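Summary of structural features
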Amino acid sequence: MTRPGICFGGPSPEHDISILTGLQAVHALDEAGRDPVALYWSPTGSWHEVDPGLEASAFADGVPRGSSELELVGRPGVGFVRADRRRRPVPVDVIVNCCHGGPGEDGGLPAALDLAGVAYTGPGQASAAICMDKLAFSGAVAGAGLPALPLWLLTPDAPADGVVADLAGGPLIVKPRFGGSSIGIEIVEDLATARALAGTSPLLRDGAVVQRYLTDIIDLNISVRTWPELRLSAVERPVRSDSTIYTYAQKYLTGGGGMATAPRELPATLPQPIEAALRAAAAEVARLVMARSVMRIDFLWDGGDNPAGLWVNEINPIPGSLSWYFWSNEGDSLIGLLDDLIAEALDGPTRRFVTQGADGTALRSVGTIAAKLA
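Cut-offs applied
Residues numbered from 1 in each chain as written. Predicted model: local features only at pLDDT ≥ 70, side-chain atom pairs only at ≥ 80, totals over all residues. Heavy atoms only, no water. Helix = DSSP H or I, 4+ residues; strand = E, 2+ residues; numbered from the N terminus. Rg over C-alpha atoms; globule rule 2.2 N^0.38 Å. Buried < 20%, exposed > 50% of the residue type's maximum accessible area, 1.4 Å probe, protein only. Contact = heavy atoms within 4.5 Å. Areas by Shrake-Rupley, 256 points an atom, 1.4 Å probe, with all protein chains shown as cover. Lys, Arg positive; Asp, Glu negative; His and termini not counted. Charge placed at Lys NZ, Arg CZ, Asp CG, Glu CD. Polar contact = N/O pair within 3.5 Å; in protein donor to acceptor, adjacent residues only side chain to side chain. 1 Å grid on protein atoms, 1.4 Å probe; cavity = no way out; pocket = protein on both sides within 12 Å on 5 of 7 lines; lining within 4 Å. Points joined across faces, edges and corners; volume = space filled by probe spheres on them. Nonpolar A, V, L, I, M, F, W, Y, C, P; charged D, E, K, R; others polar. Salt bridge = Lys/Arg side-chain N within 4 Å of Asp/Glu carboxyl O. Pairing = 2+ DSSP bridges. Arc of directions from axis to C-beta. Expected span 1.5 Å × (residues − 1).

This part is about the overall build of the chain. Looking only at helices and strands, the chain features twelve helices and 16 strands. Since a compact globule built from 374 residues should have a radius of gyration of about 21 Å, the 22 Å found for the chain is in line with a globular shape. The dimensions of the chain, computed from C-alpha atoms along their principal axes, are 65 × 60 × 40 Å. Relative to its 374 residues, the chain shows a buried fraction of 47%. Sequence-distant contacts in the chain: of pairs separated by 6 or more residues, those separated by 24 or more amount to 67%. Approximately 16900 Å² of the chain is accessible, and the part contributed by carbon and sulfur atoms is 53%. Across the chain, the 29 positively charged side chains and the 43 negatively charged ones have centroids separated by 8 Å.

The residue R264 is located in strand β14 (residues 264-265) in this model. Side-chain polar atoms of R264 contact the side chain of E236, separated by 2.6 Å.

On to the layout of surface pockets. Its boundaries defined by the atoms lining it, the largest pocket holds a volume of some 350 Å³. Classifying every residue of the lining of the largest pocket by side-chain character gives nine nonpolar, six polar and five charged. In this structure, the second largest pocket spans a volume of roughly 150 Å³. Surrounding the second largest pocket, 13 residues form its lining, D114, R292, P349, T350 and R351 being those nearest its centre. For the lining of the second largest pocket, a count of residues per class yields five nonpolar, four polar and four charged.

So, about the pattern of salt bridges. Using the criterion set out here, one finds 15 salt bridges in the structure. A salt bridge links R87 to E71; the shortest N-O distance between them is 2.7 Å. Of this pair, R87 sits in the loop between β5 (79-82) and β6 (94-97) while E71 sits in strand β4 (residues 68-73), placing them 16 residues apart in sequence. Given a relative accessible area of 35%, R87 falls into the partly exposed group. Between D298 and R296 there is a salt bridge, with the nearest N and O atoms lying 2.8 Å from each other. Note on accessibility: D298 and R296 belong to one class, buried. One salt-bridge network, in which partners are shared between bridges, spans R225, R231, D332 and D340.

It is worth spelling out the sheet that holds strand β16 (residues 310-316) at this point. A sheet is described by the order of its strands in space; here four strands give the open sequence β12-β11-β15-β16, paired in antiparallel fashion. Each end of this open sheet is capped by a strand with a single partner; those strands are β12 (231-232) and β16. In this sheet, strand β15 (residues 294-301) lies alongside strand β11 (residues 218-225) in antiparallel orientation, the contact comprising eight bridges. From the neighbouring strand, D219 faces β15, where its bridge partner is L300.

Every buried residue belonging to helix α4 (residues 125-132) is among S127, A128, C131 and M132, and all of these are buried. Looking straight down α4, one finds that the buried residues subtend no more than 115 degrees of arc, so they occupy a single side.

Time to look at helix α1 (residues 15-31). Helix length check: α1 (17 residues) gives 24 Å between terminal C-alpha atoms against 24 Å at 1.5 Å per residue, within 8%. With twelve of its 17 residues buried, α1 lies for the most part within the structure. Where α1 is concerned, the buried positions are H15, I17, S18, I19, T21, G22, L23, A25, V26, H27, A28 and L29. At the C-terminal side of α1, G33 shows a positive phi close to 75 degrees.

Below, the structure written as structure tokens:
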């Protein structure tokens with residue numbers, strides 16, 4: 001029987017939400033008799049095997065009692081091992097990646113698992129890197145001819161006043177270039193304020209982007225699954241409070257159940273041309289970013305009947321609750337979703353690195369390094 005390891009937590013602002021997603025998966029797999037291994041990644045970067053029966057409160061003050069420290073070794077045939085003298089491997093056949101934000105979702109963890117030759121769910125390294133870089137994702141979407149709102153790199157010096165007409169005046173929306181869940185997003189009145197924010201906010205230290213903020217805009221989301229074929233869920237319309245953006249608190253802290261209990265209209269009532277355009281764009285985005293497992297694609301809509309008022313906004317490669325609430329609406333169970341993700345991960349070979357051309361010819365022809373430096 002396949003034994004899954006579920007990775008959750010991690011050194012990310014979304015650490016706590018990742019724990020919720022991970023424990024949902026762990027408990028569902030445990031109840032189904034899959035004998036899951038719960039792999040907790042602490043905010044400081046250490047790995048621990050924890051009791052799969054733990055509840056979220058056990059992690060509120062750090063690493064739970066009774067856990068066993070592990071190490072992830074990026075070498076073929078090794079993977080997770082116990083951090084003791086014997087260095088015994090942790091017996092898992094596949095990793096279910098439930099890490100939101102940071103290295104768990106931006107390609108860092110997938111790259112380490114590739115090096116270890118371990119099968120895993122979620123995006124591969126290249127896909128994750130594109131999805132979690134808002135500037136790269138926006139450019140890829142626009143380059144493919146899909147509708148995307150213009151987005152610019154933001155630094156304390158750029159963009160310069162007057163260079164970008166769209167940013168003259170305000171309001172503007174500032175976002176972390178890398179990351180999700182609405183953490184670090186701010187609405188400001190002008191470009192000077194945006195640039196000042198980019199130079200002072202710790203959440204923007206690794207990069208920031210800026211774009212025109214559209215008032216009275218509507219969020220629309222859809223989930224995609226890729227196994228055994230590409231599937232699109234019904235469209236969700238999140239229900240905002242009086243705030244100007246769909247906030248982190250609204251997404252994850254409403255009702256005590258994270259994304260699964262956040263208020264929403266699902267399926268959303270939409271004009272037929274808007275729903276058709278959204279579904280076509282979602283399928284194309286999934287192909288564009290090499291989507292795998294389950295992802296969520298977020299759109300912005302001006303509320304009209306014309307598809308010209310619909311834009312691709314962002315993509316979440318490892319969505320909260322693994323987007324299960326989308327698929328529950330379709331009649332699918334959480335364990336059914338997890339079984340599909342695991343089957344897809346095990347069906348394909350682990351990543352193979354190409355060494356063709358590394359045959360020593362260039363090395364033998366060099367002579368001395370001193371000659372190369374001269």
